[in-house]
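# Structural overview for review
Each chain, letter by letter, is given below.
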Amino acid sequence: MERFRADGFDEFVAARWSTLLHVARLLTGGDRQRAEDLVQEALVKLWFAWPKVAEQAPDAYVRQILVRMAARSARRHWWGERPMGELPDRPGPGDFSSAVAERSRLEAALALLPPRQRAAVVLRYCEDLPESQVAQALGCPVGTARSHASRGVARLRQILSDSVRPVR
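Conventions we followed
Residues numbered from 1 in each chain as written. Predicted model: local features only at pLDDT ≥ 70, side-chain atom pairs only at ≥ 80, totals over all residues. Heavy atoms only, no water. UniProt positions renumbered as here; feature names shortened; annotations may be inferred. Salt bridge = Lys/Arg side-chain N within 4 Å of Asp/Glu carboxyl O. Helix = DSSP H or I, 4+ residues; strand = E, 2+ residues; numbered from the N terminus. Buried < 20%, exposed > 50% of the residue type's maximum accessible area, 1.4 Å probe, protein only. Core = buried A, V, L, I, M, F, W, Y, C linked by side-chain atoms within 4.5 Å. Axes fitted to C-alpha atoms, helices over the stretch in contact; angles between N-to-C directions. Left-handed = near helix turned anticlockwise from the far one by under 90°. Contact = heavy atoms within 4.5 Å. Nonpolar A, V, L, I, M, F, W, Y, C, P; charged D, E, K, R; others polar. Phe/Tyr/Trp six-rings, centres within 6.5 Å; stacked < 30°, edge-to-face > 60°.

An unreviewed UniProt entry lists the protein under the name RNA polymerase sigma-70 factor (Sigma-E family), with Streptomyces griseoloalbus given as the organism. Under the UniProt heading Sequence similarities (unreviewed entry), the note attached to the protein is "Belongs to the sigma-70 factor family. ECF subfamily."

## Comments concerning the pattern of salt bridges
A side chain of one charge can pair with a side chain of the opposite charge when the charged atoms of the two come close. By the definition in use, this model includes 6 salt bridges. For Arg 16, the salt bridge identified is with Asp 59, shortest N-O distance 2.8 Å. Residue Arg 16 is found in helix α2 (residues 9-27), and its partner Asp 59 is found in helix α4 (residues 58-75); the two are separated by 43 residues along the sequence. Assessed through its relative accessible area of 28%, Asp 59 is described here as partly exposed. Close ionic contact of Glu 36 with Arg 32 constitutes a salt bridge, the shortest N to O distance being 3.2 Å. Highlighted residues: Glu 36 and Arg 32, both in helix α3 (residues 32-53), separated by 4 residues, approximately one helical turn. Since its relative accessible area comes to 25%, Glu 36 is described here as partly exposed. Note on Arg 32: relative accessible area 38%, which makes it partly exposed.

## Things to note about the nonpolar core
Grouped together as the largest cluster of nonpolar side chains are 43 residues, with contacts concentrated most on Leu 27, Leu 46, Leu 66 and Leu 138. Listing elements by their share of this core, those giving two or more residues are α2, α3, α4, α5 (97-111), α6 (115-126), α7 (131-138) and α8 (142-164). No other element matches α2, which puts 9 residues into this core.

## As for the packing of α2 against α6
Orientation of α2 relative to α6, taken along the N-to-C sense of each, is 145°, at an axis distance of 9 Å. Judged by the sense of rotation from one axis to the other, the crossing of α2 with α6 is right-handed. Seen from α2, the contacting residues are Val 23, Leu 26 and Leu 27; seen from α6, they are Arg 118, Ala 119, Val 122 and Cys 126. Considering only residue class, the contact of α2 with α6 consists of 6 nonpolar, no polar and 1 charged.

## Observations regarding the packing of aromatic side chains
All chains considered together, the criterion is met by 3 aromatic pairs. Taking 5.1 Å as the distance between ring centres and 75° as the angle between the ring planes, the aromatic pair formed by Phe 9 and Trp 47 counts as edge-to-face. Remark: Trp 47 occurs in helix α3 and Phe 9 occurs in helix α2; sequence separation between them is 38 residues. Trp 47 sits in the partly exposed class, given a relative accessible area of 22%. Taken together, a centroid distance of 5.6 Å and an interplanar angle of 45° make the contact between Phe 12 and Trp 50 tilted. Remark: Trp 50 occurs in helix α3 and Phe 12 occurs in helix α2; sequence separation between them is 38 residues. Residue Phe 12 shares its accessibility class with Trp 50, and that shared class is buried. Chaining the aromatic ring pairs together yields one cluster made of Phe 9, Phe 12, Trp 47 and Trp 50.

As structure tokens, then:
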């Protein structure tokens, strides 16, 4: 039974781990520790459903779990301990500081969006999913998903343009 259940699961996790972690980081507003916990919990749930979803759409299934768990987690006011990550190593050759700064700015702006708008923007524009799959992951009609994404992008533009304006 265990061997049947595991067929393809390990390969799926190995192939999709970094993508799932990236999506989870965006859904949690850039919090790496929460994102890792989210992905691990989602994969546990996927493990139990693996025989049913392995042949169909495990990507869509695990994405839907991530979105729902991120929304549920965002409603909580306390997440328990908040461990800090290790300090990064010294930078190597090449200057990536502007790309890192821009990515950090975008993650901070995403964190300011409401959870459903954030999920819609991440799934639509970072994961490049069609609107129908975004709606399925959010559990709402396509028009509502489109509206969440549109409002989220408009709010992101506003947040990012406000952060560029010079302070007087």
